[in-house]
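Commentary on secondary and tertiary structure
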Amino acid sequence: MEPRKRPRRRQTSRGARRQHSFSPPRRVQVSTPTHHCNSPLSHSRSISRCPPFDNTKKLYKMSFSSDASSASAAVEAAAAAQKKLNLEKATNFMKQYRDPHSRELKKLSANQFMDVWSHYDKDGNGYIEGTELDGFLREFVSSANTADVSPEAVSDAMLVELKQCFMEAYDDNQDGKIDIRELAQLLPMEENFLLLFRFDNPLDSSVEFMKIWREYDTDGSGYIEADELKNFLRDLLKEAKKINDVSEDKLIEYTDTMLQVFDSNKDGKLQLSEMAKLLPVKENFLCRQVFKGATKLTKDDIERVFSLYDRDNNGTIENEELRGFLKDLLELVKKDYDADDLQDFEETILRGVDYNDDGKINRKELTMILLALAKHNQEDDSAAKKE
(Lines give C-alpha, C1' and ligand atoms only; values in the text may rest on other atoms or scores of the structure.)
Protein backbone atom coordinates (compact mmCIF):
# COMPACT_ATOMS: atom_id res chain seq x y z
CA MET A 1 0.00 0.00 0.00
CA GLU A 2 1.48 3.28 -1.08
CA PRO A 3 1.70 5.92 1.57
CA ARG A 4 -0.83 8.71 1.06
CA LYS A 5 0.81 11.88 -0.24
CA ARG A 6 0.31 14.97 1.84
CA PRO A 7 -1.04 17.89 -0.17
CA ARG A 8 1.60 20.49 -0.86
CA ARG A 9 1.15 23.67 1.11
CA ARG A 10 1.02 26.82 -0.92
CA GLN A 11 4.05 29.01 -0.17
CA THR A 12 3.57 32.70 0.27
CA SER A 13 6.43 35.07 0.93
CA ARG A 14 6.12 38.08 3.13
CA GLY A 15 6.86 40.31 0.18
CA ALA A 16 4.04 38.75 -1.83
CA ARG A 17 1.61 39.13 1.06
CA ARG A 18 2.43 42.80 1.38
CA GLN A 19 1.98 43.23 -2.34
CA HIS A 20 -1.81 43.45 -1.98
CA SER A 21 -1.96 45.52 1.20
CA PHE A 22 -2.10 49.30 1.07
CA SER A 23 0.79 51.05 2.75
CA PRO A 24 0.52 54.86 2.87
CA PRO A 25 3.66 56.78 1.92
CA ARG A 26 5.81 57.94 4.80
CA ARG A 27 6.26 61.71 5.21
CA VAL A 28 9.62 63.17 6.01
CA GLN A 29 10.72 66.77 6.67
CA VAL A 30 13.31 68.21 4.33
CA SER A 31 14.78 71.57 5.25
CA THR A 32 15.18 73.81 2.20
CA PRO A 33 17.23 76.98 2.72
CA THR A 34 15.89 80.03 0.93
CA HIS A 35 17.54 83.45 0.66
CA HIS A 36 15.64 86.69 0.42
CA CYS A 37 16.93 90.20 0.95
CA ASN A 38 20.26 88.87 2.30
CA SER A 39 18.48 87.23 5.22
CA PRO A 40 18.57 83.41 5.24
CA LEU A 41 15.19 81.92 6.03
CA SER A 42 14.55 78.23 6.55
CA HIS A 43 11.34 76.72 5.31
CA SER A 44 10.27 73.08 5.73
CA ARG A 45 8.26 71.31 3.10
CA SER A 46 6.72 67.86 3.30
CA ILE A 47 7.45 65.37 0.51
CA SER A 48 6.17 61.84 0.03
CA ARG A 49 8.57 58.89 0.02
CA CYS A 50 7.04 56.16 -2.14
CA PRO A 51 7.17 52.55 -0.89
CA PRO A 52 9.91 50.47 -2.57
CA PHE A 53 9.03 48.48 -5.63
CA ASP A 54 8.70 44.72 -5.13
CA ASN A 55 10.30 42.17 -7.41
CA THR A 56 7.34 41.43 -9.63
CA LYS A 57 7.92 41.93 -13.29
CA LYS A 58 4.73 43.92 -13.69
CA LEU A 59 5.66 46.62 -11.18
CA TYR A 60 9.19 46.77 -12.52
CA LYS A 61 7.88 47.62 -15.99
CA MET A 62 5.47 50.19 -14.57
CA SER A 63 8.30 52.06 -12.92
CA PHE A 64 9.64 53.00 -16.33
CA SER A 65 6.30 53.73 -17.99
CA SER A 66 5.17 57.15 -19.12
CA ASP A 67 2.47 57.12 -16.44
CA ALA A 68 5.11 56.89 -13.76
CA SER A 69 7.00 59.79 -15.36
CA SER A 70 3.85 61.90 -15.34
CA ALA A 71 3.22 61.06 -11.71
CA SER A 72 6.79 62.00 -10.82
CA ALA A 73 6.44 65.31 -12.65
CA ALA A 74 3.20 66.02 -10.81
CA VAL A 75 4.88 65.36 -7.45
CA GLU A 76 7.74 67.70 -8.36
CA ALA A 77 5.30 70.41 -9.50
CA ALA A 78 3.34 70.14 -6.27
CA ALA A 79 6.53 70.37 -4.23
CA ALA A 80 7.64 73.45 -6.18
CA ALA A 81 4.24 75.10 -5.67
CA GLN A 82 4.40 74.41 -1.92
CA LYS A 83 7.91 75.82 -1.76
CA LYS A 84 6.76 78.99 -3.53
CA LEU A 85 3.80 79.34 -1.16
CA ASN A 86 6.05 78.96 1.87
CA LEU A 87 8.44 81.58 0.49
CA GLU A 88 5.61 84.04 -0.13
CA LYS A 89 4.32 83.59 3.40
CA ALA A 90 7.73 84.15 4.94
CA THR A 91 8.82 87.04 2.70
CA ASN A 92 9.05 90.28 4.65
CA PHE A 93 9.50 93.30 2.41
CA MET A 94 10.55 95.60 5.25
CA LYS A 95 13.42 93.34 6.38
CA GLN A 96 15.71 94.55 3.60
CA TYR A 97 15.57 98.09 5.01
CA ARG A 98 16.70 97.11 8.52
CA ASP A 99 20.25 96.76 9.77
CA PRO A 100 20.90 92.99 10.05
CA HIS A 101 22.50 93.36 13.48
CA SER A 102 20.67 96.18 15.28
CA ARG A 103 17.40 95.70 13.32
CA GLU A 104 16.97 99.47 13.18
CA LEU A 105 15.56 100.96 9.99
CA LYS A 106 18.15 102.38 7.63
CA LYS A 107 17.67 105.77 6.00
CA LEU A 108 15.76 105.34 2.76
CA SER A 109 16.60 107.03 -0.50
CA ALA A 110 13.84 108.62 -2.56
CA ASN A 111 13.66 105.54 -4.79
CA GLN A 112 13.56 103.14 -1.83
CA PHE A 113 10.78 105.14 -0.22
CA MET A 114 8.82 104.91 -3.46
CA ASP A 115 9.41 101.15 -3.55
CA VAL A 116 7.94 100.79 -0.05
CA TRP A 117 4.94 102.93 -0.91
CA SER A 118 4.23 101.09 -4.17
CA HIS A 119 4.60 97.70 -2.49
CA TYR A 120 1.97 98.34 0.17
CA ASP A 121 -0.40 100.64 -1.76
CA LYS A 122 -1.31 97.69 -3.94
CA ASP A 123 -4.45 99.19 -5.50
CA GLY A 124 -2.72 102.51 -6.21
CA ASN A 125 -5.47 104.63 -4.66
CA GLY A 126 -3.04 106.81 -2.69
CA TYR A 127 -3.61 105.20 0.70
CA ILE A 128 -2.38 102.21 2.68
CA GLU A 129 -5.61 100.90 4.20
CA GLY A 130 -7.55 97.76 5.08
CA THR A 131 -5.63 94.58 4.37
CA GLU A 132 -2.75 96.66 2.95
CA LEU A 133 -2.36 98.37 6.33
CA ASP A 134 -2.60 95.05 8.17
CA GLY A 135 0.14 93.57 5.99
CA PHE A 136 2.37 96.62 6.45
CA LEU A 137 2.02 96.59 10.24
CA ARG A 138 2.67 92.83 10.49
CA GLU A 139 5.82 93.09 8.40
CA PHE A 140 6.98 96.34 10.01
CA VAL A 141 6.84 94.81 13.50
CA SER A 142 8.08 91.29 12.71
CA SER A 143 11.04 92.66 10.71
CA ALA A 144 12.33 94.30 13.90
CA ASN A 145 12.62 90.93 15.65
CA THR A 146 16.17 89.64 16.03
CA ALA A 147 14.91 86.14 15.28
CA ASP A 148 13.68 85.30 11.79
CA VAL A 149 9.93 85.26 12.31
CA SER A 150 7.24 85.48 9.67
CA PRO A 151 4.61 88.26 9.63
CA GLU A 152 2.05 85.65 10.69
CA ALA A 153 3.74 85.64 14.11
CA VAL A 154 1.79 88.85 14.85
CA SER A 155 -1.55 87.56 16.13
CA ASP A 156 -4.90 89.14 15.24
CA ALA A 157 -5.34 90.40 18.81
CA MET A 158 -1.85 91.91 18.77
CA LEU A 159 -2.57 93.51 15.39
CA VAL A 160 -5.71 95.25 16.70
CA GLU A 161 -3.80 96.79 19.61
CA LEU A 162 -0.84 97.66 17.39
CA LYS A 163 -3.03 99.37 14.82
CA GLN A 164 -4.73 101.49 17.47
CA CYS A 165 -1.43 102.75 18.87
CA PHE A 166 0.04 103.25 15.42
CA MET A 167 -2.89 105.27 14.07
CA GLU A 168 -2.98 107.48 17.17
CA ALA A 169 0.66 108.37 16.54
CA TYR A 170 0.73 108.78 12.74
CA ASP A 171 -2.80 109.15 11.35
CA ASP A 172 -2.82 112.95 11.50
CA ASN A 173 -6.15 113.47 9.76
CA GLN A 174 -7.74 110.53 11.63
CA ASP A 175 -9.23 108.93 8.52
CA GLY A 176 -8.20 105.39 9.49
CA LYS A 177 -5.64 105.03 6.70
CA ILE A 178 -2.08 106.09 5.92
CA ASP A 179 -1.32 108.57 3.15
CA ILE A 180 2.05 109.32 1.61
CA ARG A 181 2.92 112.18 3.95
CA GLU A 182 2.05 110.16 7.04
CA LEU A 183 4.29 107.32 5.86
CA ALA A 184 7.08 109.82 5.25
CA GLN A 185 6.92 110.83 8.91
CA LEU A 186 7.17 107.21 10.01
CA LEU A 187 10.10 105.99 7.91
CA PRO A 188 13.62 107.45 8.22
CA MET A 189 14.65 109.07 4.96
CA GLU A 190 17.39 111.16 3.43
CA GLU A 191 17.24 114.53 5.15
CA ASN A 192 17.17 116.49 1.90
CA PHE A 193 14.35 114.43 0.46
CA LEU A 194 12.36 114.74 3.69
CA LEU A 195 12.63 118.54 3.47
CA LEU A 196 10.54 118.48 0.32
CA PHE A 197 7.48 117.42 2.31
CA ARG A 198 7.62 120.69 4.33
CA PHE A 199 6.39 119.10 7.57
CA ASP A 200 7.71 121.99 9.64
CA ASN A 201 6.60 124.74 7.29
CA PRO A 202 3.08 124.29 5.85
CA LEU A 203 1.50 127.16 3.95
CA ASP A 204 -0.64 129.61 5.89
CA SER A 205 -3.48 129.63 3.40
CA SER A 206 -4.57 128.67 -0.10
CA VAL A 207 -3.87 132.25 -1.17
CA GLU A 208 -0.18 131.55 -0.68
CA PHE A 209 -0.61 128.25 -2.53
CA MET A 210 -2.16 129.95 -5.57
CA LYS A 211 0.68 132.48 -5.69
CA ILE A 212 3.20 129.62 -5.79
CA TRP A 213 1.12 127.85 -8.44
CA ARG A 214 1.13 130.93 -10.68
CA GLU A 215 4.89 131.39 -10.17
CA TYR A 216 5.86 127.84 -11.21
CA ASP A 217 3.23 127.19 -13.89
CA THR A 218 5.47 129.24 -16.15
CA ASP A 219 3.80 128.26 -19.44
CA GLY A 220 0.28 128.86 -18.08
CA SER A 221 -0.82 125.35 -19.06
CA GLY A 222 -2.78 124.78 -15.86
CA TYR A 223 -0.37 122.02 -14.82
CA ILE A 224 3.00 121.74 -13.08
CA GLU A 225 5.09 119.68 -15.49
CA ALA A 226 8.30 117.79 -14.70
CA ASP A 227 10.73 120.64 -15.47
CA GLU A 228 8.56 123.12 -13.53
CA LEU A 229 8.38 120.73 -10.59
CA LYS A 230 12.15 120.32 -10.64
CA ASN A 231 12.55 124.12 -10.46
CA PHE A 232 10.13 124.21 -7.53
CA LEU A 233 12.04 121.50 -5.64
CA ARG A 234 15.35 123.21 -6.38
CA ASP A 235 14.06 126.44 -4.85
CA LEU A 236 12.80 124.56 -1.79
CA LEU A 237 16.29 123.16 -1.23
CA LYS A 238 17.80 126.62 -1.77
CA GLU A 239 15.45 128.02 0.84
CA ALA A 240 16.63 125.34 3.27
CA LYS A 241 20.27 126.05 2.27
CA LYS A 242 20.70 122.44 1.14
CA ILE A 243 20.98 122.88 -2.61
CA ASN A 244 24.78 122.50 -2.55
CA ASP A 245 24.35 119.05 -1.00
CA VAL A 246 22.17 117.82 -3.88
CA SER A 247 23.56 116.93 -7.28
CA GLU A 248 21.59 117.41 -10.49
CA ASP A 249 21.09 113.66 -10.79
CA LYS A 250 19.76 113.49 -7.23
CA LEU A 251 17.40 116.40 -7.97
CA ILE A 252 16.08 114.53 -11.00
CA GLU A 253 15.57 111.47 -8.78
CA TYR A 254 13.61 113.59 -6.30
CA THR A 255 11.50 115.04 -9.10
CA ASP A 256 10.70 111.62 -10.58
CA THR A 257 9.80 110.26 -7.15
CA MET A 258 7.51 113.18 -6.34
CA LEU A 259 5.75 112.75 -9.66
CA GLN A 260 5.25 109.04 -9.04
CA VAL A 261 3.90 109.72 -5.56
CA PHE A 262 1.55 112.63 -6.22
CA ASP A 263 0.57 112.18 -9.88
CA SER A 264 -2.61 110.23 -9.13
CA ASN A 265 -3.92 110.01 -12.69
CA LYS A 266 -0.44 109.14 -14.07
CA ASP A 267 -0.42 111.76 -16.82
CA GLY A 268 3.15 112.83 -16.06
CA LYS A 269 2.27 116.21 -14.53
CA LEU A 270 0.56 117.64 -11.46
CA GLN A 271 -2.88 119.18 -11.58
CA LEU A 272 -4.16 121.55 -8.88
CA SER A 273 -5.49 118.91 -6.47
CA GLU A 274 -2.31 116.82 -6.82
CA MET A 275 -0.04 119.79 -6.16
CA ALA A 276 -2.21 120.65 -3.14
CA LYS A 277 -1.28 117.29 -1.59
CA LEU A 278 2.40 117.96 -2.15
CA LEU A 279 2.10 121.50 -0.79
CA PRO A 280 -0.69 121.47 1.83
CA VAL A 281 -1.97 124.43 3.82
CA LYS A 282 -2.31 124.46 7.62
CA GLU A 283 -6.08 124.41 7.47
CA ASN A 284 -9.02 124.81 5.14
CA PHE A 285 -10.84 127.40 7.23
CA LEU A 286 -14.13 126.60 5.50
CA CYS A 287 -14.08 123.10 7.03
CA ARG A 288 -14.64 124.50 10.51
CA GLN A 289 -17.78 123.54 12.37
CA VAL A 290 -19.17 127.07 12.22
CA PHE A 291 -19.76 126.65 8.49
CA LYS A 292 -21.53 123.31 8.87
CA GLY A 293 -24.77 124.79 10.12
CA ALA A 294 -24.34 123.59 13.70
CA THR A 295 -24.17 127.15 15.05
CA LYS A 296 -25.36 130.54 13.89
CA LEU A 297 -22.94 132.35 11.61
CA THR A 298 -21.92 135.63 13.26
CA LYS A 299 -20.52 138.88 11.94
CA ASP A 300 -17.18 138.08 13.60
CA ASP A 301 -17.05 134.73 11.78
CA ILE A 302 -17.51 136.47 8.46
CA GLU A 303 -14.89 139.09 9.31
CA ARG A 304 -12.33 136.41 10.19
CA VAL A 305 -12.85 134.69 6.85
CA PHE A 306 -12.60 137.97 4.97
CA SER A 307 -9.34 138.87 6.74
CA LEU A 308 -7.90 135.43 5.99
CA TYR A 309 -8.28 135.87 2.23
CA ASP A 310 -7.92 139.66 1.87
CA ARG A 311 -4.16 139.45 2.30
CA ASP A 312 -3.40 142.98 1.06
CA ASN A 313 -6.20 144.55 3.15
CA ASN A 314 -7.61 146.53 0.25
CA GLY A 315 -11.24 145.67 1.11
CA THR A 316 -11.83 143.10 -1.65
CA ILE A 317 -10.92 139.47 -2.36
CA GLU A 318 -9.41 139.34 -5.86
CA ASN A 319 -6.92 137.56 -8.13
CA GLU A 320 -4.93 134.90 -6.19
CA GLU A 321 -6.89 135.80 -3.05
CA LEU A 322 -10.11 134.95 -4.84
CA ARG A 323 -8.73 131.77 -6.37
CA GLY A 324 -7.39 130.66 -3.00
CA PHE A 325 -10.83 131.14 -1.46
CA LEU A 326 -12.53 129.32 -4.34
CA LYS A 327 -9.97 126.47 -4.12
CA ASP A 328 -10.92 125.93 -0.47
CA LEU A 329 -14.58 126.13 -1.38
CA LEU A 330 -14.17 123.69 -4.28
CA GLU A 331 -12.38 121.15 -2.08
CA LEU A 332 -15.53 120.82 0.01
CA VAL A 333 -17.40 119.31 -2.94
CA LYS A 334 -14.73 117.89 -5.26
CA LYS A 335 -11.76 115.69 -4.42
CA ASP A 336 -9.91 115.79 -7.76
CA TYR A 337 -9.86 119.06 -9.65
CA ASP A 338 -7.67 120.95 -12.10
CA ALA A 339 -7.26 124.55 -13.23
CA ASP A 340 -10.20 124.30 -15.63
CA ASP A 341 -12.48 123.12 -12.81
CA LEU A 342 -11.40 126.09 -10.71
CA GLN A 343 -12.02 128.49 -13.61
CA ASP A 344 -15.51 127.11 -14.20
CA PHE A 345 -16.25 127.30 -10.49
CA GLU A 346 -15.09 130.93 -10.36
CA GLU A 347 -17.39 131.88 -13.22
CA THR A 348 -20.34 130.13 -11.55
CA ILE A 349 -19.80 131.80 -8.16
CA LEU A 350 -19.26 135.28 -9.59
CA ARG A 351 -22.31 134.96 -11.79
CA GLY A 352 -24.37 134.35 -8.67
CA VAL A 353 -23.02 136.96 -6.25
CA ASP A 354 -20.89 139.53 -8.12
CA TYR A 355 -23.68 142.05 -8.68
CA ASN A 356 -21.37 144.95 -9.55
CA ASP A 357 -19.59 142.71 -12.05
CA ASP A 358 -16.05 143.74 -11.01
CA GLY A 359 -14.61 140.23 -10.79
CA LYS A 360 -13.98 140.65 -7.04
CA ILE A 361 -15.76 139.73 -3.81
CA ASN A 362 -16.55 142.30 -1.11
CA ARG A 363 -17.81 141.66 2.42
CA LYS A 364 -21.48 141.63 1.45
CA GLU A 365 -20.90 139.17 -1.38
CA LEU A 366 -18.75 136.94 0.85
CA THR A 367 -21.54 136.93 3.43
CA MET A 368 -23.98 135.62 0.82
CA ILE A 369 -21.59 132.78 -0.12
CA LEU A 370 -20.93 131.73 3.49
CA LEU A 371 -24.63 131.79 4.42
CA ALA A 372 -25.41 129.64 1.39
CA LEU A 373 -22.59 127.24 2.39
CA ALA A 374 -23.87 126.92 5.97
CA LYS A 375 -27.43 126.33 4.76
CA HIS A 376 -26.30 123.70 2.25
CA ASN A 377 -24.32 121.83 4.91
CA GLN A 378 -27.27 121.97 7.31
CA GLU A 379 -29.56 120.44 4.69
CA ASP A 380 -27.02 117.68 4.03
CA ASP A 381 -26.82 116.92 7.76
CA SER A 382 -30.62 116.74 8.05
CA ALA A 383 -30.86 114.40 5.06
CA ALA A 384 -28.18 112.15 6.51
CA LYS A 385 -30.00 111.91 9.84
CA LYS A 386 -33.24 110.89 8.11
CA GLU A 387 -31.41 108.09 6.31
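Look up a bit, the structure's there.
What you are looking at is a predicted structure, and each value in this text was computed from that prediction instead of being measured.

**Topic: the overall build of the chain**
Across its full length, the chain holds 16 helices and two strands. When the 387 residues of the chain are sorted by exposure, 36% land in the buried category. Sequence separation of 24 or more characterises 57% of the internal contacts of the chain that already satisfy a separation of 6 or more. With the model as given, the accessible surface of the chain reaches about 24,100 Å², and the carbon-plus-sulfur share is 50%.

**What about the pattern of salt bridges?**
With the rule as written, the count across this model stands at 17 salt bridges. A salt bridge links E248 to K230, with the nearest nitrogen and oxygen atoms 3.0 Å apart. Taken together, the residues span a long stretch of sequence, with E248 in helix α11 (residues 248-262) and K230 in helix α10 (residues 226-239) at a distance of 18 residues. According to the relative accessible area criterion, E248 is partly exposed, its value standing at 38%. Between E331 and K327 there is a salt bridge; the shortest N-O distance is 3.0 Å. Of the two residues, E331 and K327 are both situated in helix α14 (residues 319-331); the distance of four residues between them amounts to about one turn of the helix. Among the charged side chains, a network of salt bridges with common partners joins R214, E320, R323 and E346.

**Let's talk about the packing of aromatic side chains**
Scanning all chains against the criterion turns up 14 aromatic pairs. Plain terms: the ring middles of F209 and W213 are 6.5 Å apart, the flat faces sit at 25 degrees to each other, and that makes the pair stacked. Of the two residues, F209 and W213 are both situated in helix α9 (residues 206-216); the distance of four residues between them amounts to about one turn of the helix. W213 sits in the buried class, given a relative accessible area of 7%. Between the aromatic rings of Y309 and F325, the centroid separation amounts to 5.2 Å while the plane-to-plane angle is 75 degrees, which identifies the pairing as edge-to-face. Of this pair, Y309 sits in helix α13 (residues 299-309) while F325 sits in helix α14; the two residues are 16 residues apart in sequence, bridging distant segments of the chain. Exposure class is identical for Y309 and F325. Each is buried. Here the aromatic residues F93, Y97, Y120, F136, F140, F166 and Y170 are joined through ring pairs into a cluster of three or more. Cation over ring: K269 sits above Y223, and NZ or CZ is 4.3 Å from the ring centre. Stacked on the ring of F209, the Lys or Arg K327 has its end atom at 4.9 Å from the ring centre.

**Details of the environment of L330**
Relative to the helices and strands, L330 resides in helix α14. Relative accessible area serves as the criterion here: at 4%, L330 is assigned to the buried category. Each C-alpha atom, one on L330 and one on L342, is 7.4 Å from the other, the two residues being 12 residues apart in sequence. If near-sequence neighbours (up to four positions away) are discounted, L330 is found in contact with Y337, D341, L342 and F345.

**Thoughts on the side chain of T316**
On the secondary structure map, T316 appears in the loop between α13 and α14. Since its relative accessible area comes to 17%, T316 is described here as buried. A distance of 3.4 Å separates a polar atom in the side chain of T316 from a polar atom in the side chain of E318.

**A look at the layout of surface pockets**
Rolled over the atoms, a probe as big as a water molecule pinpoints where empty space is left. Estimated volume of the largest pocket: approximately 1,400 Å³. Around the largest pocket sit 44 residues that line it, and Y127, N173, D179, A276 and K277 are the ones nearest its centre. Among the elements of the structure, α4 (110-120), α7 (180-186), α11, α12 (272-278) and α14 are those that each provide at least two residues to the lining of the largest pocket. Looking at which element gives the most residues to the lining of the largest pocket, the answer is α7, with four residues.

What counts, and where the lines are drawn
- Residues numbered from 1 in each chain as written.
- Predicted model: local features only at pLDDT ≥ 70, side-chain atom pairs only at ≥ 80, totals over all residues.
- Heavy atoms only, no water.
- Helix = DSSP H or I, 4+ residues; strand = E, 2+ residues; numbered from the N terminus.
- Buried < 20%, exposed > 50% of the residue type's maximum accessible area, 1.4 Å probe, protein only.
- Contact = heavy atoms within 4.5 Å.
- Areas by Shrake-Rupley, 256 points an atom, 1.4 Å probe, with all protein chains shown as cover.
- Salt bridge = Lys/Arg side-chain N within 4 Å of Asp/Glu carboxyl O.
- Phe/Tyr/Trp six-rings, centres within 6.5 Å; stacked < 30°, edge-to-face > 60°.
- Lys NZ or Arg CZ within 6 Å of the ring centre and 35° of its normal.
- Polar contact = N/O pair within 3.5 Å; in protein donor to acceptor, adjacent residues only side chain to side chain.
- 1 Å grid on protein atoms, 1.4 Å probe; cavity = no way out; pocket = protein on both sides within 12 Å on 5 of 7 lines; lining within 4 Å.
- Points joined across faces, edges and corners; volume = space filled by probe spheres on them.

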